[in-house]
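Inside the fold
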Amino acid sequence: MIPMQEPIWWKNLLLFLNEYIKYNDFLMYSVPLSADIFVFFYPVLLVILYIVWIVKNKIYYKESALWIFWAWVLSMLVNISTQLFFDKLRPNLLLWMDYEKIETILHRFLPQSSFPSDHAATSMWIAVALFLWWSKNKDKKFKYLWAIFLLFAVIMWISRVAVWVHWPTDIIAGFIIGVLVPIVLFQKQVYKLLKKILITPIINIQKWIWKLFK
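Report follows, based on the coordinates. What you see is a predicted model, and the numbers here were worked out from it, not measured in a lab.

**Description of the overall build of the protein**
Helix and strand counts for the protein come out as nine helices and two strands. Across the protein, every contact between residues at least 6 apart in sequence was considered, and the portion connecting residues at least 24 apart equals 83%. Entry remark: accessible area of the protein is about 12,300 Å², with carbon and sulfur atoms responsible for 71%.

**Describing the pattern of salt bridges**
Scanning all chains against the criterion turns up two salt bridges. Residues D36 and R160 are paired through a salt bridge, measuring 2.7 Å at the closest nitrogen-oxygen approach. Here R160 lies in helix α7 (residues 140-162) and D36 lies in the loop between α2 (25-34) and α3 (41-56), a separation of 124 residues in the sequence. The two residues D36 and R160 agree in class, both being buried. The partner of E63 in a salt bridge is K195, and the shortest N-O contact between them spans 3.4 Å.

**With respect to a nonpolar patch on the surface**
Together, I205, W208, I209, W210, L212 and F213 give the surface a local cluster of nonpolar side chains, amounting to about 710 Å² of exposed area. Structurally, I205 is set in helix α9 (residues 188-212).

**As for the nonpolar core**
Formed by 53 residues in total, the largest nonpolar core has its most connected members in W67, I68, I126 and F142. Where this core is concerned, the elements lending two or more residues are α1 (8-22), α2, α3, α4 (59-83), α6 (118-137), α7, α8 (168-185) and α9.

**Comments concerning the packing of α6 against α8**
Two numbers describe how α6 lies on α8: the axes approach to 7 Å, and their chain directions differ by 30°. In terms of crossing hand, the pair formed by α6 and α8 is right-handed. Facing α6, whose interface residues are A120, A121, M124, W125, V128, A129 and L132, α8 presents I171, G174, F175, I177, G178, V179, P182 and I183. Classifying every residue of the contact of α6 with α8 gives 13 nonpolar, two polar and no charged.

**A few points about the side chain of S64**
With respect to the secondary-structure elements, S64 resides in helix α4. Those residues within four positions of S64 in sequence are excluded, and the remaining contacts are L49, W133 and F142.

**What to know about the side chain of E63**
Tracing the sequence through the fold places E63 in helix α4. Here K195 takes part through its side chain, which lies 3.4 Å from a polar atom of the side chain of E63. If we ignore the near neighbours within four places in the chain, the residues touching E63 are W133, Y191, K195, I199 and I203.

**Regarding the environment of S114**
As for its position among the elements, S114 is in the loop between α5 (91-94) and α6. Residue classification places S114 among the buried residues on the basis of a relative accessible area of 1%. Each C-alpha atom of the pair S114 and I171 lies 9.3 Å from the other, and the pair is 57 residues apart in sequence. With residues near it in sequence (within four places) discarded, S114 still touches K88, L89, R90, V165, H166, W167 and D170.

**Here we look at the packing of α4 against α6**
When two helices pack together, their arrangement is given by the angle between the helix axes and the distance between those axes. Running from N to C, α4 and α6 point in directions that differ by 145°, and their axes come no closer than 9 Å. Helix-helix and strand crossings are classified by hand; for α4 and α6 the assignment is right-handed. Seen from α4, the contacting residues are Y60, E63, S64, W67, I68, A71, W72, S75, M76, N79, I80 and Q83; seen from α6, they are D118, A121, T122, W125, I126, A129, L130, L132, W133 and N137. Tallied by class, residues from the contact of α4 with α6 come to 14 nonpolar, six polar and two charged.

**A short note on the packing of aromatic side chains**
According to the stated counting rule, one finds 18 aromatic pairs in the structure shown. Aromatic side chains F69 and W70 sit 5.0 Å apart centroid to centroid with 70° between the ring planes, which places their arrangement in the edge-to-face category. You can call F69 partly exposed: its relative accessible area is 30%. A cation over a ring is seen here: K136 above W133, with NZ or CZ 5.3 Å from the ring centre. In this arrangement the basic side chain of K138 is found over the ring face of W134, its NZ or CZ atom lying 5.2 Å from the centre.

The rules behind each value
- Residues numbered from 1 in each chain as written.
- Predicted model: local features only at pLDDT ≥ 70, side-chain atom pairs only at ≥ 80, totals over all residues.
- Heavy atoms only, no water.
- Helix = DSSP H or I, 4+ residues; strand = E, 2+ residues; numbered from the N terminus.
- Contact = heavy atoms within 4.5 Å.
- Areas by Shrake-Rupley, 256 points an atom, 1.4 Å probe, with all protein chains shown as cover.
- Salt bridge = Lys/Arg side-chain N within 4 Å of Asp/Glu carboxyl O.
- Buried < 20%, exposed > 50% of the residue type's maximum accessible area, 1.4 Å probe, protein only.
- Patch = residues over 30% accessible without salt bridge, like charges linked within 9 Å, V, L, I, M, F, W, Y side chains within 5 Å.
- Core = buried A, V, L, I, M, F, W, Y, C linked by side-chain atoms within 4.5 Å.
- Axes fitted to C-alpha atoms, helices over the stretch in contact; angles between N-to-C directions.
- Left-handed = near helix turned anticlockwise from the far one by under 90°.
- Nonpolar A, V, L, I, M, F, W, Y, C, P; charged D, E, K, R; others polar.
- Polar contact = N/O pair within 3.5 Å; in protein donor to acceptor, adjacent residues only side chain to side chain.
- Phe/Tyr/Trp six-rings, centres within 6.5 Å; stacked < 30°, edge-to-face > 60°.
- Lys NZ or Arg CZ within 6 Å of the ring centre and 35° of its normal.

As structure tokens, then:
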């Protein structure tokens, strides 16, 4: 594994943000919460897209949910595979932060290595996937959704740095992966292959199951 260290100016940024939130009771509560809370919106979004598909009977809503899901799966595979090659302690472990006073929702599940950030990759994946789907279909729902989820992503990035869960470079690396993977998967030939292998079969299986219960 490749050992990594953070430049001194990034360490100073962590210290500045952390000291700033400690002097504000609202930030002490809201920042650790916002470091994780937005990831729970992603499965809710996919379920909503399925419901819209059922109500409006437009197959592309279902295709969008499945494509966004598989884009997430592949983004996570790339991100986790990248983590295998790098050894980088989280800021709270290296700088001995007191987590009894400031703790994220998923703190107990944090691995020691922090590079690249799963949260950054996930949050950027959802924003880019929604933007690409909107650019293709011109559905205003996706136009507003991608802007909302991009805002969620930025808040989460800043929060995770402020509570010393991630270094800024962890966020940057996760951001890059979260952008590149959906773009690659949205290329015409790649998308056609993905649709043929992982999207259409699921739709056909569901249709077959529904016929059994009619």
